[in-house]
Amino acid sequence: KAGVTQTPRYLIKTRGQQVTLSCSPISGHRSVSWYQQTPGQGLQFLFEYFSETQRNKGNFPGRFSGRQFSNSRSEMNVSTLELGDSALYLCASSFGTGDGNTIYFGEGSWLTVV
Amino acid sequence: QKEVEQNSGPLSVPEGAIASLNCTYSDRGSQSFFWYRQYSGKSPELIMFIYSNGDKEDGRFTAQLNKASQYVSLLIRDSQPSDSATYLCAAYESGYSTLTFGKGTMLLVSP
């Protein structure tokens with residue numbers, strides 16, 4: 001059974017550019033969440049999608065956006081990149097959203113902004 | 001603000017010993033608790049989760065939850081050097097479908 005797949009794995013962008021990251025959840029999983037991990041702030045929640053609807057959003061500026069497609073694949077976009085956006089971006093997938101649902105992470109996308 | 005607190009460590013134990021990792025949380029609305037292991041440069045790997053008071057065992061790992069004390073722990077029996085990693089505790093609130101993470105505890109198991 002394939003796990004959560006994130007692409008690209010590594011990328012370098014310049015300040016002011018935008019970036020799009022992709023996530024394919026485990027087959028059958030309908031909930032996809034995104035997290036940012038930095039050494040100083042740890043893992044922080046960005047947003048969560050379920051059946052193409054964003055149901056919750058973390059405390060990040062509007063430059064961070066996302067969407068989910070009908071096949072549950074998700075993308076997140078960061079516009080006008082800043083140096084502080086350099087981080088590991090993690091996608092998590094689960095079948096549902098109730099208690100007892102296991103939540104698995106992908107390998108992440110390492111973003112460096114220069 | 002929901003918070004999950006962990007001792008940053010490092011927690012050093014000899015090979016074969018029991019490692020005890022602890023976590024407290026502030027939000028009584030949190031319903032499930034997850035433990036992830038993260039090696040340097042890698043993504044978090046799910047160890048186990050617990051949502052009922054008491055103990056839950058899976059191989060060498062035992063998670064313990066005390067909702068009255070807002071306390072979660074992870075015991076690792078027969079610790080191995082390969083267990084050396086950062087252990088992340090996360091509280092999950094199903095109504096918001098989010099995980100709130102602690103900063104993690106670094107575990108070092110010496111041969």
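Heads up: the structure comes first, above all this text.
Being a predicted model, the structure only gives us computed values, none of them experimental.

A. Quick peek at the state of the cysteines. If you walk through the whole model with that rule in mind, you get two disulfides over all chains. Two residues, Cys23(A) and Cys91(A), share a disulfide whose sulfurs are 1.8 Å apart. Negative torsions about the S-S bond denote left-handed disulfides, and the value of about -60° found for Cys23(A) with Cys91(A) makes this one left-handed. Here Cys91(A) lies in strand β9 (residues 87-94) and Cys23(A) lies in strand β3 (residues 19-24), a separation of 68 residues in the sequence. Residues Cys23(A) and Cys91(A) agree in their burial class; the two are buried. Two residues share a disulfide in this structure: Cys23(B) and Cys89(B), whose sulfurs sit 2.1 Å from each other. Taking the sign of the S-S torsion, about -70° here, the bridge from Cys23(B) to Cys89(B) comes out left-handed.

B. The arrangement of the pattern of salt bridges in detail. As enumerated under the stated definition, the model contains 11 salt bridges over all chains in all. A salt bridge links Arg73(A) to Glu75(A); the nearest nitrogen and oxygen atoms lie 3.3 Å apart. With a closest N to O distance of 2.8 Å, Lys2(B) and Glu93(B) form a salt bridge. With a gap of 91 residues between them, Lys2(B) in the segment before β1 (4-5) and Glu93(B) in strand β9 (residues 85-93) connect regions that are remote in the sequence. The exposure class of Glu93(B) is buried, given its relative accessible area of 13%.

C. Representation of the interface of chain B and chain A. Each partner contributes residues to the interface: chain B has 21 residues there, and chain A has 25 residues. Summed over both sides, the interface between chain B and chain A buries roughly 1,800 Å², with carbon and sulfur atoms accounting for 59% of that surface. Along the contact surface separating chain B from chain A lie zero salt bridges. The interface formed by chain B and chain A holds four residue pairs in polar contact (both at pLDDT 80 or more) in total. Listed by contribution, the elements that provide at least two residues to the side of chain B that touches chain A are β4 (32-38), β5 (45-50), β9 and β10 (98-101) of chain B. The element best represented in the side of chain B that touches chain A is β4(B), accounting for four residues. Here the side of chain B that touches chain A is composed, by residue class, of 11 nonpolar, eight polar and two charged.

The rules behind these values
- Residues numbered from 1 in each chain as written.
- Chains lettered and ligands numbered in written order.
- Predicted model: local features only at pLDDT ≥ 70, side-chain atom pairs only at ≥ 80, totals over all residues.
- Heavy atoms only, no water.
- Disulfide = S-S within 2.5 Å.
- Helix = DSSP H or I, 4+ residues; strand = E, 2+ residues; numbered from the N terminus.
- Buried < 20%, exposed > 50% of the residue type's maximum accessible area, 1.4 Å probe, protein only.
- Salt bridge = Lys/Arg side-chain N within 4 Å of Asp/Glu carboxyl O.
- Contact = heavy atoms within 4.5 Å.
- Buried area = accessible area lost by both parts, 1.4 Å probe.
- Polar contact = N/O pair within 3.5 Å; in protein donor to acceptor, adjacent residues only side chain to side chain.
- Nonpolar A, V, L, I, M, F, W, Y, C, P; charged D, E, K, R; others polar.

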